[in-house]
There are 2 protein chains.
Amino acid sequence: MPPGDVPDIVVGRLPIYLRALTHMAAAGQEITSSHELGQKLGISSAQIRKDLSHFGEFGKQGTGYRISHLMDQIKRILKVEREWEVALIGVGDLGHAVARYGGFKNRGFHISFLFDNDPAKIGSPIGELAILDSAQLQDVLVERAIKVAMIAVPASEAQKVADVCIEAGVKAILNYAPISLTVPDGVHVQHLDPVAYLQRMTYYL
Amino acid sequence: MPPGDVPDIVVGRLPIYLRALTHMAAAGQEITSSHELGQKLGISSAQIRKDLSHFGEFGKQGTGYRISHLMDQIKRILKVEREWEVALIGVGDLGHAVARYGGFKNRGFHISFLFDNDPAKIGSPIGELAILDSAQLQDVLVERAIKVAMIAVPASEAQKVADVCIEAGVKAILNYAPISLTVPDGVHVQHLDPVAYLQRMTYYL
DNA sequence: TAGATTGTTAATCGATTAACAATC
DNA sequence: TAGATTGTTAATCGATTAACAATC
């Protein structure tokens, strides 16, 4: 099935399904149903079946879904059955925490490079990685064919950093800076602005 | 306009508009139009006008929107013209970074309490706040009538912590743990799982 | 077999867009 | 005034849901 045929919003739910399935599997569960999964996530069972039907047939009538099989399939669809090398630009408090965050392991990503432009930080290690000079950013990204970057620099620098990444061939950017990045077609951005999510909830209070 | 009449997805865009307007204002700009704002955000001008029309009339034909006025109105709608006291539960690497994050200031939120269950951390300060014992969580939340919480504990504890928060009257939860929380009606949750956002992009690579 | 659950179709529901009168 | 842009209506587009035959 060609990517263009699947709505964005459906693709966006696949990681949620995968996350829930991972927890079920970790708890030793082997089989689930669209009904059970939907109840856990607050999504209708019909929607889950419809979403999955965009990509193939993964269940069995009367039984449901074998969790390990469905996980494998979703990983394949999302292209996270492999491990993507990720560059993290900006190693302040937040970037530091992201660099040490254990949650990328086994979910398709591995932070391979850290960059900062602060001379005091360049060369010092975080875990097993040394912080590289941002001046080398473009060269390293090109040479290592990095496609995925996370930006954790101040808002005032985020667009500039994004431009360099894109110029170097990066196609997916996770942006921690509280600013909307402008990118050309074919480059994907996701914004992780905690305040925006909080504001979205206070409306209802 | 009663909240029930406004689609969630519209409410979700207001913080994005507010963020973009804030940047324009910081750059000294005083007036904008739905067309300009839309272009910056990759959203159609019609959608922006339609979204805003759910809440009132904030612009002027032929001119556009006075940025400061529109910001005030959106802040009022989102209820962030005030400052919400927020409790942060879990002060590991990530929680630590969140606690030190300067980006909440002037956007409607203020971290007022830090909690952790690690005896080695309890009592030690981060900035101006001391880390409190999680055993006091429920009492403090009730006593101070806290409505907003951020959860940055390990996935295995997140649901338990959320349950305590909800029991204590919290109505909005920002969840950093990579797990889907189950909450009753009337309680709002937003999940900030960076890997889910990355996976959503790798589909297209 | 009887019960359960899938995958899919068609109907419903809701969101986005295009167009334009109103008006600054 | 002439040009620009809003707020709103109606049309279009797309997503969700309900229902059910297929089948494990």
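What this report covers is the structure whose coordinates are included nearby. (Residues numbered from 1 in each chain as written. Chains lettered and ligands numbered in written order. Predicted model: local features only at pLDDT ≥ 70, side-chain atom pairs only at ≥ 80, totals over all residues. Heavy atoms only, no water.)

1. Some details on the protein's contact with DNA strand C
Then comes step 1: Close contacts around DNA strand C come from 25 residues, with S34(A), R49(A), G59(A), Y65(A) and Q47(B) the closest.
Then comes step 2: Of everything in DNA strand C that lies within 4 Å of the protein, sugar and phosphate atoms constitute 65%.
Then comes step 3: Here R49(B) contributes a side-chain N or O atom positioned 3.2 Å from a base nitrogen of DNA strand C.
Then comes step 4: With 4 residues, the single largest contributor to the surface near DNA strand C is helix α3 (residues 45-53) of chain B.
Then comes step 5: When the residues that make up the surface near DNA strand C are grouped by side-chain class, the tally is 5 nonpolar, 12 polar and 8 charged. (Near = heavy atom within 4 Å. Polar contact = N/O pair within 3.5 Å; in protein donor to acceptor, adjacent residues only side chain to side chain. Helix = DSSP H or I, 4+ residues; strand = E, 2+ residues; numbered from the N terminus. Nonpolar A, V, L, I, M, F, W, Y, C, P; charged D, E, K, R; others polar.)

2. Examining the protein's contact with DNA strand D
Then comes step 1: Close to DNA strand D lie 25 residues; Q47(A), S34(B), R49(B), G59(B) and Y65(B) are nearest.
Then comes step 2: Protein-proximal atoms of DNA strand D, defined as those within 4 Å of the protein, fall in sugar or phosphate at a share of 65%.
Then comes step 3: Here R13(A) contributes a side-chain N or O atom positioned 3.0 Å from a phosphate oxygen of DNA strand D.
Then comes step 4: Within the contact set of DNA strand D, a sugar or linking oxygen lies 3.1 Å away from a backbone nitrogen or oxygen of G62(B).
Then comes step 5: Elements that contribute at least two residues to the surface near DNA strand D include exactly α1 (8-26) and α3 (45-53) of chain A together with α3 of chain B.
Then comes step 6: Broken down by element, the surface near DNA strand D gets its largest block of residues, 4 residues, from α3(A).

3. Some points on the layout of surface pockets
Then comes step 1: When its volume is computed, the second largest pocket comes out at roughly 820 Å³.
Then comes step 2: Looking at the second largest pocket, it is lined by 42 residues, and the ones nearest its centre are V153(B), P154(B), A155(B), A177(B) and P178(B).
Then comes step 3: Put simply, the parts of the chain that give the lining of the second largest pocket at least two residues each are α1, α4 (67-78) and α5 (93-100) of chain A together with α5 (93-100), β4 (109-116) and α7 (155-167) of chain B.
Then comes step 4: The residue inventory of the lining of the second largest pocket, partitioned by class, reads 20 nonpolar, 11 polar and 11 charged. (1 Å grid on protein atoms, 1.4 Å probe; cavity = no way out; pocket = protein on both sides within 12 Å on 5 of 7 lines; lining within 4 Å. Points joined across faces, edges and corners; volume = space filled by probe spheres on them.)

Just distances and angles here, no functional claims.
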